[in-house]
Amino acid sequence: MTDDEKAVPYGPVPAGIAGIGHHVPDRVIDNEYFEKYLDTSDEWIQQRTGIVQRRWLAEDEKPSDMFVAAAEMAMEDAGVRPEDVDLVVVGTASGDYLAPAVACVVQARLGLPKCGAFDIMAACSGFLYALATGASFIGTGRYRNVLAIGGDAMSRLIDQEDRSTAVLFGDGAGAVVLQPHEVCRRGLVEDYVLGADGEGVPLLLRPKGGAAEPMTEEILRNREHFIHMEGRKVYRFAAARMIWLLDWAMRDQDPEELGWMIPHQMNRRILEQATAHLGIPPNKVLHNIQKYGNTSAGSVPILLSEGYRKGLFEKDKFLVLGAFGAGLTWAGARIRW
Ligand code: UT7
């Protein structure tokens, strides 16, 4: 296998990241907010998760507000006009409507052409599923400017009376513009991996109110339309999968060329344990869970955008992006800057 073949497993045209953006709502929710009405404490939340505060949408804001703002920032960064975009993919579990896809809302609000627009439901792995999908469309040679967006409005899906989930999540979104790498000359999507284990569906889901058991007053009363999670089991899955993903991303790579790890922000302890296990120095790992909590599909692209804006990414070094979530799903990508 030549180096070129190794670098382009998904099609004849390698994709690059031409522009990056993100958006989080202004409304800050600190840990003390929960202390006022739940049996929890700032100390417990910080020790067990690393979260100090998170952002939630204001009542009059919608998830698409975040997706549109993140996409606009990415398009401006890429120097791409609305009329140039030929596909929009949104990885999310919390679009504006149960149906249709929020990608269609985003398309209309951004004034894009009548291009393809669809959502991907891969929970916290949603952005990396969208990135892999977008890179693959670029890879066919038929698409030139793909918007890949990831994010969630978790404040709208959690049971705010359930201390085991309410404190964990925040709202936010990020976006990239993908182009043929020969056009944008940066952010080469060198490789990606996607996976799922549907046996894990019961561990993290919104059990009722979907099409299997449509909404009833009883479901509402029992709060079964909100997220239910077996936290400890999801933690164990994520810790093991994180190690697997890092191992996948680093295989055959020179560790000296590792720029940054950009992992899903689920729990600070998981990340510290996994990276220590593989001997990755803590100063190579980006975090923002302390500021935003777990923003589900938003966490990886927000972190990517913040790292990019701080000027952290060095040419020819590689970034490792990794995520895991409900489904159970996981996804990784190696990006050569
Ligand atoms: O992106 C995918 C989304 N999934 C996740 O983010 C979940 C991953 N899992 C985790 O991050 C951790 O499992 C949690 C942070 C959710 C929980 O931490 P843990 O160390 O695994 O705690 P635990 O679930 O074993 O619970 C320990 C205790 C329990 O009390 P008892 O049974 O020992 O009396 C819980 O009821 O902590 C209790 N607890 C809380 N106490 C205070 C659970 N939530 C809270 C809370 N405040 N908010």
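Student: Where do I start with the site of the ligand in this structure?
Tutor: What surrounds the ligand is a group of 22 residues, the closest being Thr40, Arg48, Arg232, Asn267 and Asn294. Tryptophan 44 places a side-chain nitrogen or oxygen 3.4 Å from a nitrogen atom of the ligand. At 2.8 Å from an oxygen atom of the ligand is found a side-chain nitrogen or oxygen belonging to asparagine 294. Burial of the ligand by the protein amounts to 74% of the accessible area it has alone, namely 950 Å². A majority-of-atoms criterion places the ligand in the second largest pocket. Here the shell around the ligand takes four residues from helix H10 (residues 231-250), the largest share from any one element. Among the residues forming the shell around the ligand, the class breakdown is 10 nonpolar, seven polar and five charged. Residues from two domains meet in the shell around the ligand; each of domain 1 (3-184) and domain 2 (189-336) gives at least three.

Student: Honestly, the domain arrangement of the protein chain in this entry has me stumped. Any pointers?
Tutor: Interfaces are frequently sized by the accessible area removed from exposure as the parts join. Under the domain assignment used here, the protein chain contains domain 1 (3-184) and domain 2 (189-336). Roughly 4100 Å² is buried in total at the junction of domain 1 and domain 2, and carbon and sulfur atoms are behind 63% of that figure. The interface formed by domain 1 and domain 2 includes one salt bridge. A salt bridge links arginine 223 to aspartate 159, with the nearest nitrogen and oxygen atoms 2.9 Å apart. There are 21 residue pairs in polar contact (both at pLDDT 80 or more) connecting domain 1 and domain 2.

Student: Teacher, can you tell me more about the side chain of threonine 165 here?
Tutor: With respect to the helices and strands, threonine 165 occurs in helix H7 (residues 163-166). Residue threonine 165 is classed as buried on the basis of its relative accessible area, which comes to 1%. A distance of 3.1 Å separates polar atoms of two side chains, one belonging to threonine 165 and the other to aspartate 162. The contact partners of threonine 165, leaving out residues within four places of it in the chain, are Ile158, Asp159, Ile227 and Met229.

Student: Is there a simple way to think about the pattern of salt bridges in this case?
Tutor: Side chains carrying opposite charge are able to pair once their charged atoms draw close together. Following the criterion strictly, the structure yields 15 salt bridges and no others. Measuring nitrogen to oxygen at the nearest pair gives 2.8 Å for the salt bridge that ties arginine 109 to aspartate 65. Within this pair, whereas arginine 109 is found in helix H5 (residues 102-110), its partner aspartate 65 is found in helix H4 (residues 63-78), the two being separated by 44 residues in sequence. We classify arginine 109 as partly exposed; its relative accessible area is 41%. In this structure, the salt-bridge partner of aspartate 247 is arginine 251, at a minimum N-O distance of 3.9 Å. The class of aspartate 247 is partly exposed, set by a relative accessible area of 39%. Under the relative-accessibility criterion, arginine 251 is labelled partly exposed at 46%. What emerges from the salt-bridge pattern is a single network uniting Glu190, Glu257, Arg334 and Arg336.

Criteria and cut-off values
Residues numbered from 1 in each chain as written. Predicted model: local features only at pLDDT ≥ 70, side-chain atom pairs only at ≥ 80, totals over all residues. Heavy atoms only, no water. Near = heavy atom within 4 Å. Polar contact = N/O pair within 3.5 Å; in protein donor to acceptor, adjacent residues only side chain to side chain. Areas by Shrake-Rupley, 256 points an atom, 1.4 Å probe, with all protein chains shown as cover. 1 Å grid on protein atoms, 1.4 Å probe; cavity = no way out; pocket = protein on both sides within 12 Å on 5 of 7 lines; lining within 4 Å. Sits in = over half its atoms within 2 Å of the grid points. Helix = DSSP H or I, 4+ residues; strand = E, 2+ residues; numbered from the N terminus. Nonpolar A, V, L, I, M, F, W, Y, C, P; charged D, E, K, R; others polar. Domains from an automatic or database assignment. Buried area = accessible area lost by both parts, 1.4 Å probe. Salt bridge = Lys/Arg side-chain N within 4 Å of Asp/Glu carboxyl O. Buried < 20%, exposed > 50% of the residue type's maximum accessible area, 1.4 Å probe, protein only. Contact = heavy atoms within 4.5 Å.

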